[in-house]
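These are the residues of each chain, in order.
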Amino acid sequence: MERSVITRAKNAEIAVDEALKLLAVPRESVQIEIVDPGGRGMLGLGNRLTVVKVTVLDIPAAQTPAAPSSAQQELAPETLETASSGPAKPVASYGRADEEAARETQEESGEIAIVNGRFRIAASGGRLPLLTPPAGAVLLKNGVPVGSKVSVAPGDELELDTSPIAEPPVWRIELDEACLRAEMHVKPGFERRFSLVDSKAQPHLTVPVTETRALMPIDEAEVRGRLKDMGVVFGIRAAAIAEACRSEHPGTFVVAEGAPAVQGEDGKFDTNFETETKRTSPKSREDGTIDYREIVEFPTVIEGQVLVRTLPAKPGRPGRDVMDRPILPRQVQSIALAAGEGVSVSEDGRRAVAMRQGMPRIKQQGYRVHLSVLPKLEHRGDVDLKSGNIRFRGDVEISGGVQNGMKVEAFGSIAIRGAVSGAAVDASYSLIASGSLIGAQVNVGRRSEFLDQVEPLMLEIASQTQLLQSAIEQLSQTAAFKLNDIEQGGLGALLSVLLRGKFKGLHSVLSRFVELAAKNETQMDEEWKEYAGSLKFGFLDLRYGGFRNAAELDAFRRRTLEITEGFCGPQDRPVFAELQYTHNSHIYCGGDVRIGKGAYNATIYCQGKLETAGTLRGGVYFAAKGMNVKEVGAPGGVSTKLQVPEKSAIRAARVLEGTVVQIGRRSFQFVEAASNVHARLGSREELLLF
């Protein structure tokens, strides 16, 4: 079978060389025929390539011709001598039709295949197969790595590099902030090998390969050494280290873990009484009327009742971090019971017991729980000139009324069954008035001016007295301090020196308190008078030697704190006023005000809500948290004004003409009666009535 190749080149020599390369035979075993000598194109435009046909001769080995001479190997412009012994045959130039016919007979093909792990390249004509190297593997062409798509010829040597490619593992160890965990972050390493996969012949071959991976384990001894260098010696987890070193997937492994501290529990306390005032519904009498006097139940205790039991604190358990350092739990706190009026604390500090009947009061400041029992004063009959004014530190219940010119003050709640006429009533927490209020001055939930003035003074006295105690203790340890003189004459002389020197500020505060106490002596009860006397004769009037020793000074300081706690700090009971009927009275309340029957020409100012089931005729009524009334206004044209802040609203079932409603700075006067009125401000602060 004849083997021949047609090639094109700039000249015949290059075309022949390319043909010999494709046929992989020597020049002496082929016949060369110049199909088209080339030259300039038609009309002198462009250059035509030289076309050469090279055919392999089937020559017996015994008749193999001798190599042609150098003269015979030279190619003339239009003739080329073949490998036969005959004379050279001139080849004439073909016309355009002959050239196209020659090109149609030309066969071009190039393919590459992989058979039994070896490349097979076949090419004919002027086309060579293309090859794309495999990703990740190294392919060599004639000993040079192939980086991208290339063409290959039958004479090229192709080889896949099958030597292992090592990707070492990457790992690190990190400690958390508390040094309780050591985590090993692992990216595994592998040794990769590639091998060829057989493929059928194709013009463009992307070399198929198979990959095998062998894990490159991490050295466990190296990991343990790294932990030791980091100081990790406690809680090492051998199984986790082995798993991390042999893992074939990226991950995080806890290779050491400490023992966290077990936190303890602070002390707690349980109360054995009701701590809040209960509200009940009004009760119906047999005659069909409503009893509004029994709508509030105040918590009470009896003498000997255990008020509070404390539960001891539970200490925690220490732990250890991965560096074998101790981790201490936080310090637990125990509940400290402080006994106020009417309360006794057991020797072990676990129980607080009521020493009298009355209303319990509890106040917690941190882990200090202060308890007291406020007594309840029950006054039979009216408060008049015969009984005198009532000032009581606790709750007051009056079975009668309060007559003109009298005054009732209570640091607690007040309940009055009769009428209050031309009198003053001052309650720290609540007022329940079952009778009428006529020309009365009522103050509920607002402290007296005296308490407002002495509160900051007493807090400063308690603080400075503690510093004074420390100064006296330091002086007692010096050689110049004559302890015998103090034991005989008391602390008076030393206090006089300190109050004129380092503690001038305390002297000024003490003097101010004595001045205020003298001005308000008529308003002070026996407890306040006793305290003011101990302050005056303990620090300022030293004719009797002042405090005798450090124990008396410390008792005064603790007494100051107890009294201050009695009226300072947040209120622990609700503030409200329950009224039935009020006329020409001025009422202030720090909480809600509820009126059963109505109010006439009254001035009521409350910090909570104002609610009434009756009528409001004449007067001014202000409620910080809004109001809900049944009927407001007077037919005779008496001015009645309802007022609330910007963010509150007014609701009235019926409003008579002449009534003024004011919300913030916006107001409106009704010129005719209206029903189901709801007044509030809109988004643009306009007054809305609907």
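Worth saying up front: this structure is predicted, and the values here are computed from it rather than measured.

*Asks:* Now, about the overall build of the chain: what can you tell me, with residues and values included?
*Replies:* Along the backbone of the chain there are eleven helices and 54 strands. Once local pairs closer than 6 in sequence are excluded, the contacts in the chain between residues at least 24 apart make up 46%. Here the chain has roughly 37900 Å² of accessible surface; of this, 49% comes from carbon and sulfur atoms.

*Asks:* Quick one: what's the story with the side chain of T612, residue by residue and with numbers?
*Replies:* For T612, the position within the fold is in strand β46 (residues 610-612). Within the structure, T612 has its side chain in polar contact with the backbone nitrogen of G614 (distance 3.0 Å). Once residues lying within four places of it in the same chain are set aside, the contact partners of T612 are I595, N628, V629 and K630.

*Asks:* Could you give an account of the packing of helix α4 (residues 220-229) against helix α5 (residues 238-245), naming the residues involved and the relevant values?
*Replies:* In the contact formed by α4 and α5, the axes pass within 10 Å of each other and the chain directions differ by 125°. With respect to α5, the element α4 is oriented oblique. At the point where α4 passes α5, the crossing takes the right-handed sense. The residues of α5 that touch α4, namely those facing E220, V223, R224 and L227, are A238, I241, A242 and C245.

*Asks:* I'd love a proper account of the packing of helix α8 (residues 492-500) against helix α9 (residues 504-519), names of residues and values included.
*Replies:* The geometry of α8 relative to α9 is characterised by a closest axis approach of 6 Å and an angle of 100° between their N-to-C directions. With respect to α9, the axis of α8 lies roughly perpendicular. Mapping the contact onto sequence places L498, L499 and R500 in α8 and K504, L506 and H507 in α9.

*Asks:* Hey, could you go over the state of the cysteines for me, with residue numbers and the actual values?
*Replies:* Tallying each qualifying case throughout the model produces zero disulfides. The cysteine C589 is free of any disulfide, with C606 supplying the nearest cysteine sulfur at 6.6 Å. Overall, the relative accessible area of 0% leaves C589 in the buried class.

*Asks:* I'd like a description of helix α1 (residues 12-23), backed by residues and values.
*Replies:* Over its twelve residues, α1 runs 16 Å from end to end, which matches the ideal 16 Å to within 8%, given 1.5 Å per residue. Buried positions along α1 lie against β1 (3-9), β2 (30-36), β5 (50-56) and β7 (118-124). Capping the start of α1 is the job of one residue whose side-chain oxygen sits 3.2 Å from the backbone nitrogen of E13: N11. After α1 finishes, the residue A24 shows a positive phi value of roughly 55°.

*Asks:* Please give an account of the sheet that holds strand β10 (residues 144-145) that cites residues and values.
*Replies:* The three strands are arranged β10-β9-β12 in an open sheet whose pairing can be described as antiparallel. Edge positions in the sheet fall to β10 and β12 (158-160), since each has one partner strand and no second. Inspection of the sheet shows strand β9 (residues 139-141) paired to β10 by two bridges, in the antiparallel sense. When the bridges of β10 are listed, L140 appears paired with P145.

*Asks:* I'd like to hear about the pattern of salt bridges, residue by residue, with values.
*Replies:* Enumeration according to the criterion identifies 25 salt bridges in this entry. Across the salt bridge formed by R192 and E211, the nearest N and O atoms sit 2.5 Å from each other. Residue R192 is found in strand β16 (residues 189-196), and its partner E211 is found in strand β19 (residues 209-216); the two are separated by 19 residues along the sequence. Salt-bridge contacts for D554 lead to R557; the nearest nitrogen and oxygen are separated by 3.1 Å. Of this pair, D554 and R557 both sit in helix α11 (residues 550-567), three residues apart, roughly one helical turn.

*Asks:* Mind laying out the confidence of the model for the chain, listing which residues take part and the relevant values?
*Replies:* Taken residue by residue, the chain gives an average pLDDT of 82. The fraction at 70 or more is 83%. Taken together, the stretch residues 61-106 has pLDDT below 50 and engages in 39 contacts with residues farther than four places along the chain or on a different chain. Every residue in residues 292-296 scores below 50 in pLDDT, and together they form 23 contacts with partners more than four places removed in sequence or on other chains.

*Asks:* Just give me the short version of the packing of aromatic side chains, but keep the residues and values in it.
*Replies:* The description of two aromatic rings rests on the distance between their centres and on the angle between their planes. Here the structure, examined in full by the defined rule, presents nine aromatic pairs. Ring centres of F539 and F547 lie 5.0 Å apart, and the angle between their planes is 80°; this geometry places the pair in the edge-to-face category. Exposure class is identical for F539 and F547. Each is buried. Ring centres 5.1 Å apart and planes at 85° place the aromatic pair F668 and F670 in the edge-to-face group. Residue classification places F668 among the partly exposed residues on the basis of a relative accessible area of 34%. Residue class for F670 comes out buried when judged on its relative accessible area of 8%. Here a set of aromatic residues connected by ring pairs shows up, and it is made of F513, Y531, F539, F547 and F556. In this structure, R213 is placed above the aromatic ring of F190, and the distance from its NZ or CZ to the ring centre is 3.9 Å.

*Asks:* Could you give an account of the pairing of β7, with specific residues and numbers?
*Replies:* Every second residue of β7 is oriented toward a common face, the buried set being F119, I121 and A123 and the non-buried set R118, R120, A122 and S124. The antiparallel hairpin formed by strand β6 (residues 109-115) and β7 contains two residues in its connecting segment, where N116 sits at a positive phi of about 55°.

*Asks:* How would you summarise the sheet that holds strand β29 (residues 336-339) if you had to cite specific residues and measurements?
*Replies:* Ordered in space as β29-β33-β32, the three strands form an open sheet in which the pairing is mixed. Of all the strands in the sheet, just β29 and β32 (359-365) have a single pairing partner and so form its edges. The mean inter-strand angle of the sheet, taken between neighbouring strand axes irrespective of direction, is 25°. The sheet contact formed by β29 and strand β33 (residues 368-374) spans four bridges and is parallel. Opposite A336, over in β33, you have R368 as the bridge partner.

*Asks:* Account for the nonpolar core, naming residues and giving values.
*Replies:* The biggest cluster of nonpolar side chains holds 49 residues, and the ones touching the most others in it are V402, I414, V593, L610, L616, Y621 and L642. It is strand β45 (residues 592-606) that contributes the most residues to this core, six residues altogether. Contacts of V593, omitting those with residues within four sequence positions, involve A577, L579, I604, C606, K609, L610 and E611. Within the second largest apolar cluster, 31 residues are counted, among which are L494, L495, F503 and F539.

*Asks:* Kindly report on unusual backbone geometry, identifying the contributing residues and their values.
*Replies:* Unusually for a residue other than glycine, N116 sits at a positive phi of about 55°. If you trace the backbone, N116 turns up in the loop between β6 and β7. Even without being a glycine, N676 presents a positive backbone phi close to 50°. With respect to the helices and strands, the residue N676 is situated in strand β53 (residues 674-681).

Conventions and cut-offs
Residues numbered from 1 in each chain as written. Predicted model: local features only at pLDDT ≥ 70, side-chain atom pairs only at ≥ 80, totals over all residues. Heavy atoms only, no water. Helix = DSSP H or I, 4+ residues; strand = E, 2+ residues; numbered from the N terminus. Contact = heavy atoms within 4.5 Å. Areas by Shrake-Rupley, 256 points an atom, 1.4 Å probe, with all protein chains shown as cover. Polar contact = N/O pair within 3.5 Å; in protein donor to acceptor, adjacent residues only side chain to side chain. Axes fitted to C-alpha atoms, helices over the stretch in contact; angles between N-to-C directions. Parallel < 35°, antiparallel > 145°, perpendicular 65-115°, else oblique. Left-handed = near helix turned anticlockwise from the far one by under 90°. Disulfide = S-S within 2.5 Å. Buried < 20%, exposed > 50% of the residue type's maximum accessible area, 1.4 Å probe, protein only. Expected span 1.5 Å × (residues − 1). Pairing = 2+ DSSP bridges. Salt bridge = Lys/Arg side-chain N within 4 Å of Asp/Glu carboxyl O. pLDDT = per-residue confidence, 0-100. Phe/Tyr/Trp six-rings, centres within 6.5 Å; stacked < 30°, edge-to-face > 60°. Lys NZ or Arg CZ within 6 Å of the ring centre and 35° of its normal. Core = buried A, V, L, I, M, F, W, Y, C linked by side-chain atoms within 4.5 Å.

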